[in-house]
Amino acid sequence: MITITKKLIALDLDGTALNNDAELSSQTKATISQAVKEGYLVSIVTGRPNRLSENFYDELNLKTPMINFNGNLGILPHQAWAREYQYTIDREIVMELLEKSKPLGLSLIAVEGRNLFLANRGLKSGFGFFPSTLQTNQILNQQSLKDNPISITVEVRPELKAGLIDYVQNQFGDQVEVSPWGGPHPIVEIATKGIHKSTGLKFLADYYGILQKDIIAFGDEANDLTMMKYAGTGVAMKNAIDQIKNSADDVTTFDNQQDGVARYLQEHLDLAVGQ
């Protein structure tokens, strides 16, 4: 009797599975579909909130758990799940940031959870992540934030970014850690200390009983580093930052605009995908 080894493919979204228009190509969808058909487990492991990634989950027709907020939330989308987990932040940290928003140079403070989104204002150039106008029930204040959020995202004046990071680390460093976004945006994310994408990937591996050596993880930015190191095969995108490429086990031949993930999987897993 032949035993088939279960393998897990972990996909980052932005700059990896998604092209620069934040879309899944038909080739990527077809390749993931074929991988699932052949018995591979495919999971999204992203820094995005679930509100901005469930559409991609649905496009890929996945049934596996999804990891959001860089490992801070693990869910089965669209349903309640006994194994769901989340790491949250004390809401008092949010209140202090709101109170000191002017001296800290914070133009935006947004907090999120699985079913939570509040912000102190809309953002005209929301980078596709934040609404430009808020509904009345989305305005962040002392009364509206009743639960501890999973993530705090702030836009800070570029010249005050380093000062903000120092402030958060000095005041709350035993509870949270600060992660500046990749790219040109002066955005900083605050989440539970010690929780990373590797937390979510380990959760998935334990849930499915998969060994680290049987995990393939794709990424392109600094927040993917722990996940790629945890995986048996960490694959950096051709368009990845140097830090990721230098620590990866392999690098795709093609970038995220050229179906890099799909072409890599077709070649290395010998997937027959119709063009």
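Scroll up a little and you will see the structure.
Residues numbered from 1 in each chain as written. Predicted model: local features only at pLDDT ≥ 70, side-chain atom pairs only at ≥ 80, totals over all residues. Heavy atoms only, no water.

Peer 1: For the overall build of the chain, give the residues involved together with the corresponding values.
Peer 2: Scanning the chain for helices and strands turns up ten helices and 13 strands. For the chain, whose C-alpha radius of gyration is 19 Å, the value lies close to the compact-globule estimate of 19 Å for 275 residues. For the chain, the spread of C-alpha atoms along the principal axes amounts to about 65 × 40 × 35 Å. Expressed as a percentage of contacts within the chain between residues at least 6 apart in sequence, the contacts between residues at least 24 apart total 56%. (Helix = DSSP H or I, 4+ residues; strand = E, 2+ residues; numbered from the N terminus. Rg over C-alpha atoms; globule rule 2.2 N^0.38 Å. Contact = heavy atoms within 4.5 Å.)

Peer 1: Explain the pattern of salt bridges to me, and be specific about the residues and the numbers.
Peer 2: Under the defined criterion, the tally for this structure stands at 13 salt bridges. The salt bridge partner of Glu59 is Lys29, with a shortest N-O separation of 3.1 Å. Placement of Glu59 in helix H3 (residues 54-59) and of Lys29 in helix H2 (residues 26-37) is noted, with a sequence separation of 30 residues between them. Using a relative accessible area of 33% as the deciding quantity, one classes Glu59 as partly exposed. Residue class for Lys29 comes out partly exposed when judged on its relative accessible area of 29%. (Salt bridge = Lys/Arg side-chain N within 4 Å of Asp/Glu carboxyl O. Buried < 20%, exposed > 50% of the residue type's maximum accessible area, 1.4 Å probe, protein only.)

Peer 1: How would you summarise the sheet that holds strand E3 (residues 66-68) if you had to cite specific residues and measurements?
Peer 2: Each strand in a sheet pairs with its neighbour through backbone hydrogen bonds, running either in the same direction (parallel) or in the opposite one (antiparallel). An order of E3-E4-E5 is seen for the three strands of this open sheet, with the pairing classed as antiparallel. Of all the strands in the sheet, just E3 and strand E5 (85-86) have a single pairing partner and so form its edges. One ladder, built from two bridges, connects strand E4 (residues 73-75) with E5; its direction is antiparallel. Within the sheet, the bridge partner assigned to Leu73 lies in E5 and is Gln86. (Pairing = 2+ DSSP bridges.)

Peer 1: Describe the side chain of Glu54, with residues and values.
Peer 2: Mapped onto the elements of the fold, Glu54 is located in helix H3. Here Glu54 is buried and forms no salt bridge, its nearest opposite-charge partner Arg114 lying at an N-O distance of 4.7 Å. Non-local contacts of Glu54, meaning those with residues more than four positions away in its chain, are made with Met66, Ile75, Pro77 and His78. (Lys, Arg positive; Asp, Glu negative; His and termini not counted.)

Peer 1: Got a sec to walk through H2? Specific residues and values, please.
Peer 2: Along an α-helix, a turn takes 3.6 residues, which lines up residues three or four apart on a common side. Spanning twelve residues, H2 covers 16 Å between terminal C-alpha atoms, matching the ideal 16 Å at 1.5 Å per step. Burial in H2 covers these residues: Gln27, Thr28, Thr31, Ile32, Gln34 and Ala35. Along the axis of H2, the buried positions cluster into a sector of 160°, meaning they face one direction only. Exposed and oriented more than 90 degrees from the buried face of H2 are Ser26 and Lys37. The inward-facing, buried residues of H2 abut strand E1 (8-11), helix H1 (13-17), strand E2 (41-44) and helix H10 (260-268). One or two steps after H2, the chain reaches Gly39, where phi turns positive at roughly 100°. (Expected span 1.5 Å × (residues − 1). Arc of directions from axis to C-beta.)

Peer 1: Account for the pairing of E1, with residues named and values stated.
Peer 2: Burial along E1 is two-sided: the residues Leu8 and Ala10 and Ile9 and Leu11 are all buried. The sheet contact formed by E1 and strand E11 (residues 215-219) spans four bridges and is parallel. Residue Ile9 lies in a different strand from E11, and its bridge partner there is Ile216.

Peer 1: Report on the packing of helix H4 (residues 91-99) against helix H6 (residues 161-172), specifying residues and quantitative values.
Peer 2: Where H4 contacts H6, the axes come no closer than 12 Å and their chain directions differ by 140°. Between H4 and H6, the interaxial angle falls into the category oblique. Pair H4 / H6 crosses with right-handed handedness. Residues Ile93, Glu96 and Leu97 of H4 form the contact with H6, whose participating residues are Tyr167, Val168, Gln171 and Phe172. Considered class by class, the residues forming the contact of H4 with H6 number five nonpolar, one polar and one charged. (Axes fitted to C-alpha atoms, helices over the stretch in contact; angles between N-to-C directions. Parallel < 35°, antiparallel > 145°, perpendicular 65-115°, else oblique. Left-handed = near helix turned anticlockwise from the far one by under 90°. Nonpolar A, V, L, I, M, F, W, Y, C, P; charged D, E, K, R; others polar.)

Peer 1: I'd love a proper account of the sheet that holds strand E9 (residues 176-180), names of residues and values included.
Peer 2: Pairing is antiparallel in the open sheet, where five strands are placed in the order E7-E6-E8-E10-E9. Two strands in the sheet have a free side with no partner beyond their single neighbour: strand E7 (116-119) and E9. Here the strands of the sheet are splayed against their neighbours by 20° on average, with no regard to which way each runs. Pairing of E9 with strand E10 (residues 187-192), which is carried by five bridges, proceeds in the antiparallel orientation. From the neighbouring strand, Ser179 faces E10, where its bridge partner is Glu189. Its contacts with the sheet place H4 against strand E6 (106-113), strand E8 (151-156), E9 and E10, and it is angled at close to 165° to E6. Sheet strands touched by H6: E6, E8, E9 and E10. Its angle to E9, the strand with the most contacts, is close to 165°.

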